[in-house]
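Observations on chain architecture
Each chain, letter by letter, is given below.
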Amino acid sequence: MHPRFLTFVWIMTTVGLAAYLAIQISGGNRSLFLPGRTSDGHHQIELACDACHTPFGGVRQEACLECHQAELAAAEDSHAGSKFADPRNAGDLARLDVRQCITCHIEHRPEITEAMGLTLPVDFCHHCHANVVVERPTHRDMSFDTCASAGCHNYHDNRSLYEDFLVRHGNGLPATIPAALPERKAWILREGVDRLPLTAGDADRTTSATPELIDAWAGSAHASAAVACSDCHRSQGSLWADHPSDRVCGSCHELEPQGFVAGKHGMRRSADFNPMTPSQARLPMQPDSMSRTLNCGACHDVHAVNVRHAAVDACLSCHADEHSLAYSGSPHFRLWQAVLSSEGEPGSGVSCASCHLPRERRRVAGEDRIVVQHNQNANLRPNEKMIRDVCLTCHSLTLAIDALADPDLVRRNFVGLPSRHVRSIDMALSRKN
Amino acid sequence: MTHLLSNCRLWLMVAGALLTVLFGCGGNPSGGPDESVGISAKVMADALHAVMESDRTVYATRVVHRLQDQEKVIRASEHWRDDKALPLPAQMFRMGAEEASNKTDTFSYSLLSKWPINKKNAPRTEMEIAGLDRVAKDPSKPFYGRESLGGVEYFMAVYADQAVSPACVTCHNAHQDSPRNDFELGDTMGGIVIRIRLR
């Protein structure tokens, strides 16, 4: 063939390909550009490339912190970047620059991605803590790949694992004591509006409302708080909407949406994507739930706004992994049923939400409140994050640490006892005696 | 030729006059007092140390020792959040250093010791080792030096950190992780290390 013709074909192909890729990246099929499977933490927003990548600038540290900073601060991050700012750390940082998240968490590298999105060999602690065997002779027979995997230490959050905490909570307490979670004291933006409770007769509805919907609403916390049909369906004087958006919920419930969009249920919203559906999940889900939309109403039946429904039934209507399916056979579920049948004390039941959407003490507008953390991930990974606010309500630290370090027991939803014992508390106590 | 020269001179005079008008007398563009007095790294380190040592003494004596040991109102604890207690003097110092590091990298400071409770506070670089040794022998004289860390040159100074309050001594001597339990009031317990970045 004529060389000129070949050159022409080459130029045209290049131009064509470039144009095709340009179209795809600016709104077409961006998945063409994914260099490898995204981690479980980020896969839902993997097509929001610019959430992490700066054009020609790589992945900025600030991009990670934009989403994760508050959470790390709340965890009193044991390895916060500012701890390494002093130049005397140059030697350590040359081995492992822990000031950058991407030193340990690289995306799109499934072949080296471990739990928690870690992409370093799991014995990474030895880079800076090799001396621990000298400082703590109790650690002599331990290998560095067990520091963070055996229930003893976490890299970021050690609030329920530090030595004095182990000592304080490790002194011969019974494994389980009957107790109750603190009562919720929600923060509602329009609180203080002094209106009398409403009844079914007060419903300022349209003709489309069925008697069942009216009944559900009349028995709800909304009716008791004098929140009328029009407050949601015609919010701020707009036209009547049969299906108001989540924004309407957020106009009174300020904190809950903040947690929701930070967790797996709502993170797509924070990237301006359509809401998550169970079909996009990587965990096993119920087949008939696949196309449901994860908005506030997915868990909170919007008319009855029954928080007990939201705490168990709503979860199990989608989640179908082993741990979820085993819940109905668990001692936690028995406690939950006792509360439902009014045999148990209020707060003494253990629902899915008790552990995964835990009640947190927070100071809001100058007042201590108990609010539900709607980021289901906030105390889940690593699971020791759950110990302080959840497990210790009813269990000893020993049982909590042992149980959470036993993956089979977690799969069985805590039916049975831990199969092994983590020695951290014994070691801490032995040093104090 | 003379014409050209005088022309040049004229232009130079005009330009000089213009510059004087533009930048004011004395060539100080801001018109305010001249701030570039050319402080040496040593003067800066000494000044920083004066502030640090004073704050540290005030916190140890008038806050921790007074409230914990004399008035017995509140204790100081390593786990001050959980224990609803006062941060330890060393933690107070480090929190300040971290806070400052978020604002500037022109200098940095830390509290180290040859007998550290927290092993991360042991000297690491040759200069730190030499400096801590020297101030332990003669606390009245700071140790000065230069070192290169991570490819950057620093002026560094080490100042003795002394047991200014009985609280220092009691706590360190009783601490399980302290390699020394014979400190006395006035002893040198470690050193404040200040580094100034040299560009």
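Conventions used here
Residues numbered from 1 in each chain as written. Chains lettered and ligands numbered in written order. Predicted model: local features only at pLDDT ≥ 70, side-chain atom pairs only at ≥ 80, totals over all residues. Heavy atoms only, no water. Helix = DSSP H or I, 4+ residues; strand = E, 2+ residues; numbered from the N terminus. Buried < 20%, exposed > 50% of the residue type's maximum accessible area, 1.4 Å probe, protein only. Contact = heavy atoms within 4.5 Å. Phe/Tyr/Trp six-rings, centres within 6.5 Å; stacked < 30°, edge-to-face > 60°. Pairing = 2+ DSSP bridges. Axes fitted to C-alpha atoms, helices over the stretch in contact; angles between N-to-C directions. Parallel < 35°, antiparallel > 145°, perpendicular 65-115°, else oblique. Left-handed = near helix turned anticlockwise from the far one by under 90°. Salt bridge = Lys/Arg side-chain N within 4 Å of Asp/Glu carboxyl O. pLDDT = per-residue confidence, 0-100. Core = buried A, V, L, I, M, F, W, Y, C linked by side-chain atoms within 4.5 Å.

Comments concerning the overall build of chain B
Looking only at helices and strands, chain B has five helices and four strands in total. The burial tally for chain B puts 34% of its 199 residues in the buried class. When contacts within chain B are restricted to residue pairs at least 6 apart in sequence, those whose partners lie at least 24 apart make up 57%.

What to know about the packing of aromatic side chains
Residues and elements named next belong to chain B. The final tally for this structure, using the stated rule, is eight aromatic pairs over all chains. Consider the rings of F93 and Y109, whose centres lie 5.2 Å apart with planes at 80 degrees: the pair is edge-to-face. In this pair, F93 is assigned in helix α3 (residues 89-101) and Y109 in strand β1 (residues 107-112), connecting sequence segments 16 residues apart. Of the residues examined, F93 reaches a relative accessible area of 9% and is grouped as buried.

Digging into the sheet that holds strand β3 (residues 152-162) of chain B
Backbone-to-backbone hydrogen bonds join strands into a sheet, with any given pair of strands oriented parallel or antiparallel. All names here are of chain B. Sheet architecture is open: four strands sit in the order β1-β4-β3-β2, paired in antiparallel fashion. Each of the sheet's edge strands pairs with one partner strand only, and the pair in question is β1 and β2 (143-149). Across the sheet, the mean angle from the axis of one strand to that of its neighbour is 25 degrees, orientation sign disregarded. Taken together, the six bridges between β1 and strand β4 (residues 188-197) define a ladder with antiparallel strand orientation. The residue bridging F107 from the neighbouring strand is I196, located in β4.

What about the packing of helix α2 (residues 41-70) of chain B against α3(B)?
Residues and elements named next belong to chain B. At a minimum axis separation of 10 Å, α2 and α3 run at an interaxial angle of 140 degrees. Relative to α3, the element α2 is oriented oblique. Considering only the axes of α2 and α3, their crossing is right-handed. For the pair α2 and α3, the contacting residues are M52, R56, Y59 and V64 in the first and P89, A90, M92 and F93 in the second.

Describing the pattern of salt bridges
For the structure on display, the rule yields 37 salt bridges over all chains. The salt bridge involving A:R369 is made with A:E367; its shortest N-O contact spans 3.2 Å. Taking relative accessible area as the criterion, A:R369 reaches 5% and is therefore assigned buried. Under the relative-accessibility criterion, A:E367 is labelled partly exposed at 32%. The salt bridge involving B:D138 is made with B:K141; its shortest N-O contact spans 3.1 Å. Under the relative-accessibility criterion, B:D138 is labelled partly exposed at 27%. Among the ionic contacts, a cluster of salt bridges with common partners joins A:D86, A:R88, B:E128, B:E147 and B:R195.

So, the confidence of the model for chain A
Mean pLDDT for chain A: 92, with 99% of residues reaching 70 or above. Taking the mean pLDDT of every element in chain A, the minimum, 87, falls on helix α1 (residues 3-25) of chain A and the maximum, 98, on helix α16 (residues 322-326) of chain A.

Overview of the packing of helix α15 (residues 307-316) of chain A against helix α17 (residues 331-340) of chain A
Helix packing geometry: the angle between the two helix axes and the distance between the axes. Residues and elements named next belong to chain A. Contact geometry of α15 with α17 gives a least axis separation of 13 Å together with a crossing angle of 150 degrees. Relative to α17, α15 is oriented roughly antiparallel. Considering only the axes of α15 and α17, their crossing is left-handed. Two secondary-structure elements touch here, α15 through R308, A311 and V312 and α17 through W336, V339 and L340.

With respect to the nonpolar core
If you look at the biggest cluster of nonpolar residues, it comprises 25 residues, and the most contacted ones within it are A:L166, A:M386, A:I387, A:L397, A:I401 and A:I425. Among the elements that take part in this core, helix α20 (residues 397-404) of chain A stands out by supplying five residues, more than any other. Those residues within four positions of A:L166 in sequence are excluded, and the remaining contacts are A:S160, A:L161, A:L397, A:I401, A:S424, A:I425 and A:A428. Counting 15 residues, the second-largest nonpolar core is a separate cluster that includes B:L48, B:F107, B:Y109 and B:A157.

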